[in-house]
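A structural walkthrough
For reference, the chains in residue letters:
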Amino acid sequence: MSRTMRGAVLYGPGDVRFEERDLPRIVEPTDAVIRVSATCVCGSDLWPYRGISPVAQPTPMGHEYCGIVEEVGHAVASIRPGQFVIGSFFASDNTCPHCTAGYQTSCQHKEVVSGAQAGRLRVPLADGTLVATPDLPSDELIPSLLTLSDVMGTGWFAAVAADVKPGVTVAVVGDGAVGLLGVLSARLMGADRIVAMSRHPSRQKLAREFGATDVVSERGDGGVARVKELTKGVGADAVLECVGTHDAMMQAICSTRPGGSVGYVGVPHGVELDGQELFFAHVHLHGGPTQIRRRHD
Ligand SMILES: [Zn+2]
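Described in the following lines is the structure provided in the data block. As the structure is a computational prediction, the values presented were derived from the model and not from experiment.

As for the state of the cysteines
- A complete count under the given rule lists zero disulfides for this structure.
- Counting only cysteine sulfurs, Cys-40 is the nearest neighbor of Cys-42, a cysteine outside any disulfide, at a range of 7.4 Å.

Written out as structure tokens, the structure reads:
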């Protein structure tokens, strides 16, 4: 049997190579190795690809994945070979105090999972990181299940962090995949009004399909003014920041009513908050990497 596989490796800005890599194997007794059924490119892969985040060394790409378990270490109890599993980009034990509190991506034993854009993937802490589906899914279902590995969970966490509840008014800054799934999450959580902030007609259309009741195409101060206008000068109860730039963060904070909440999930690049502005905004801020393994029942 071949001991290598093909996988995507980022060498530098704009330089991705699909090349031979060693097949992953069980290293720790808590590991699993899976045969990847589907993987994809994350918005956060684009920062180093575009040269905005430095690439120190050739780096195997990919942290969104689902697939079939091939092998598990002897200490793995709940995951078995043959199961279809979905995993997180951070491995977590799901037993430490932070995991128990629902913050698995702050696990005391967290490990980065990377290199999923390949045929096989090693997943540490398999019991705490992977979720098995009850049956083998159909091929048509696999792309949807893949979204649970990151992007759907991230949109969902943005809505959780912004404290979306039935009846509230929500604004979503960012119309990429995360922002659009933030719209969908807010609808599933019972938001009454959902303002999607988007300039792209095709994404505006999707946002409406996912539950947006209003679309605001202005950005910055103009965007804030439109949200205020739509809410009788009050501001949104919950704002989801799904971009990660300074302007997007300020747009989110300024669109939120006093006492409202911003859930921020865009990986920050150049975000700097002014203490005075924050002090007088009276806005709750919560966010960070999503909790793929948090239970929401
Ligand atoms: Zn933990």
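Details of the packing of helix 8 (residues 220-230) against helix 9 (residues 246-255)
- Orientation of helix 8 relative to helix 9, taken along the N-to-C sense of each, is 25°, at an axis distance of 9 Å. Considered as vectors, helix 8 and helix 9 are oriented roughly parallel to each other. Two packed elements cross with a definite hand, and for helix 8 against helix 9 that hand is right-handed. Contact residues: Gly-220, Val-224, Val-227 and Lys-228 in helix 8; Gln-251, Cys-254 and Ser-255 in helix 9.
- Among the residues making up the contact of helix 8 with helix 9, the classes are represented as three nonpolar, three polar and one charged.

A few points about the coordination of the zinc ion
- The coordination sphere of the zinc ion contains the protein donors Asp-93 (OD), Cys-96 (SG), Cys-99 (SG) and Cys-107 (SG), at a distance range of 2.1 to 2.3 Å.
- One can describe the donor arrangement at the zinc ion as tetrahedral, given that its four donor atoms subtend angles of 95 to 123° at the metal.
- Each donor residue of the zinc ion lies on the same chain, and together they follow the pattern D-x2-C-x2-C-x7-C.

Topic: the packing of aromatic side chains
- Applying the stated criterion across every chain, the model contains two aromatic pairs.
- Relative to Phe-280, the ring of Phe-279 lies with its centre 5.0 Å away and its plane at 85°, an arrangement referred to as edge-to-face.
- According to the relative accessible area criterion, Phe-279 is exposed, its value standing at 60%.
- Cation over ring: Arg-17 sits above Tyr-11, and NZ or CZ is 3.6 Å from the ring centre.
- Sitting over the face of the ring of Trp-47, Arg-50 holds its NZ or CZ atom 5.5 Å from the ring centroid.

Rules of the game
- What you see as residue numbers is a count from 1 along each chain, following the sequence as written.
- Local features are withheld for residues below a pLDDT of 70 in this predicted model, meaning they are given only at 70 or higher, and side-chain atom pairs are given and counted only at 80 or more; totals for whole chains, interfaces and linings count all residues.
- With hydrogens and water excluded, all non-hydrogen atoms of the structure serve as input to the side-chain values.
- Count a disulfide wherever a pair of cysteine sulfur atoms falls within 2.5 Å.
- For helices, the axis comes from a line fit to the C-alpha atoms of the stretch in contact; other axes are also lines fit to C-alpha atoms, and the angle between any two N-to-C directions lies between 0 and 180 degrees.
- Runs of H or I in DSSP of at least four residues are treated as helices and runs of E of at least two as strands, each being numbered from the N terminus.
- Relative orientations are named as follows: roughly parallel for angles under 35 degrees, roughly antiparallel for angles over 145 degrees, roughly perpendicular for angles from 65 to 115 degrees, and oblique for any other angle.
- Left-handed describes a crossing in which the near helix is turned anticlockwise from the far one by less than a right angle; the clockwise case is right-handed.
- Any two residues having at least one pair of non-hydrogen atoms within 4.5 Å are treated as being in contact.
- Charged means Asp, Glu, Lys or Arg here, nonpolar means Ala, Val, Leu, Ile, Met, Phe, Trp, Tyr, Cys or Pro, and polar covers whatever is left, Gly included.
- For Na, K and Ca the donor cut-off is 3.2 Å, while for other metals it is 2.8 Å, and in both cases only N, O and S atoms qualify; water is not among them, so sites may look incomplete.
- The geometry test gives tetrahedral to four donors whose angles all lie between 85 and 135 degrees, gives square planar to four donors and octahedral to six donors whose opposite members are over 155 degrees apart with all other angles between 65 and 115, and gives irregular to the rest.
- Two rings from Phe, Tyr or Trp (for Trp, the six-membered ring) form a pair when their centres are within 6.5 Å of each other. A pair whose planes differ by under 30 degrees is stacked, one over 60 is edge-to-face, and the rest are tilted.
- Residue burial is assigned from relative accessible area. The probe radius is 1.4 Å, only protein chains are included, and a residue is buried under 20% of its type maximum, exposed over 50%, and partly exposed in between.
- Charge-over-ring placement is defined geometrically: NZ (Lys) or CZ (Arg) within 6 Å of the ring centre, and within 35 degrees of the ring normal.

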